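Observations on the three-dimensional arrangement
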Amino acid sequence: MRADEKKKLTLAGVLFTLAILFFVLFSSSEREALEYYYDESEQKLFTAPAGSIPPIKGINDNQLDGVRAIVIAPKGKRGDKSAHRIAYLEKWSPQLKQQMEAAIRAKAAGHSVPNVVDRSQRKFHQFVRREDSPQWYSLNTDEAAKIMAVLRTKNANGTIPDICMPGR
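Scope of this entry: the structure provided in the associated data block.

Reading the values: rules and limits
- Residues numbered from 1 in each chain as written.
- Predicted model: local features only at pLDDT ≥ 70, side-chain atom pairs only at ≥ 80, totals over all residues.
- Heavy atoms only, no water.
- Helix = DSSP H or I, 4+ residues; strand = E, 2+ residues; numbered from the N terminus.
- Buried < 20%, exposed > 50% of the residue type's maximum accessible area, 1.4 Å probe, protein only.
- Contact = heavy atoms within 4.5 Å.
- Salt bridge = Lys/Arg side-chain N within 4 Å of Asp/Glu carboxyl O.
- Core = buried A, V, L, I, M, F, W, Y, C linked by side-chain atoms within 4.5 Å.

As for the side chain of Glu90
Within the secondary structure, Glu90 is located in strand S4 (residues 85–92). Residue Glu90 is classed as buried on the basis of its relative accessible area, which comes to 17%. Beyond its immediate sequence surroundings of up to four residues, Glu90 is in contact with Pro54, Val67, Arg68, Ile70, Phe127, Val128 and Trp136.

Shown next as structure tokens:
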């Protein structure tokens, strides 16, 4: 091999190594997990970081009108956006939202937070409703159980729907 060929080969190797190093250093190894939310005033789905505590800011203003949307699709059609539908919406009471956000901040700072809302009482502070209904029901009611049963109800083909997550 001639000297100029060795130089070109060495240069190509160095550039290749730099490209890999650049990719490893500057690419995000983990994409942020997202969930579906529903803007009640705009009546549109949007995505927000997983673990956001509803209600959150919606898509059009600073109002806390973004509620979590549980989106489903027939078995095997999770990737087909046209098959997606909202099973139900959920949100938390202001007291529980405040407690959960304080707990997240305290955990990040290495502190503990006393429970303002006892675990046994949380079902009274979490609410669900259908997209086409204005009425929210706390999780301790029969109406809430009926709404959430859609996740366990078989369709005409005898299959249970898939829960859909953004980007998956």
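So, next bit.
Re the pattern of salt bridges
Counted under the stated rule, the structure contains six salt bridges. The residue Glu90 makes a salt bridge to Arg68 at a minimum N-O spacing of 3.0 Å. With Glu90 in strand S4 and Arg68 in strand S3 (residues 66–73), this pair connects stretches of sequence that are 22 residues apart. Arg68 gets classed as buried once you look at its relative accessible area, which sits at 12%. With a shortest N-O distance of 3.6 Å, Arg78 and Asp162 are connected by a salt bridge. Taken as a pair, Arg78 in the loop between S3 and S4 and Asp162 in strand S7 (residues 162–164) lie far apart in primary sequence, 84 residues in all. Through salt bridges with shared partners, a single network forms among Glu35, Arg68 and Glu90.

Topic: the nonpolar core
By size, the foremost hydrophobic cluster in this structure holds eleven residues: Tyr36, Tyr38, Val67, Ala69, Val71, Ala73, Ala83, Ile86, Leu89, Trp136 and Cys164. Looking at this core, the elements that each hand over two or more residues are strand S1 (34–39), S3 and S4. Looking at this core element by element, the count peaks at four residues for S3. Look past the residues within four positions of Tyr38 in its chain and what remains in contact with it is Gln43, Lys44, Leu45, Phe46, Asp65, Gly66, Val67, Ala69, Ile86, Leu89, Arg129 and Glu131. Core analysis: the second largest hydrophobic core is formed by eight residues, Ile72, Ala144, Ile147 and Val150 among them.

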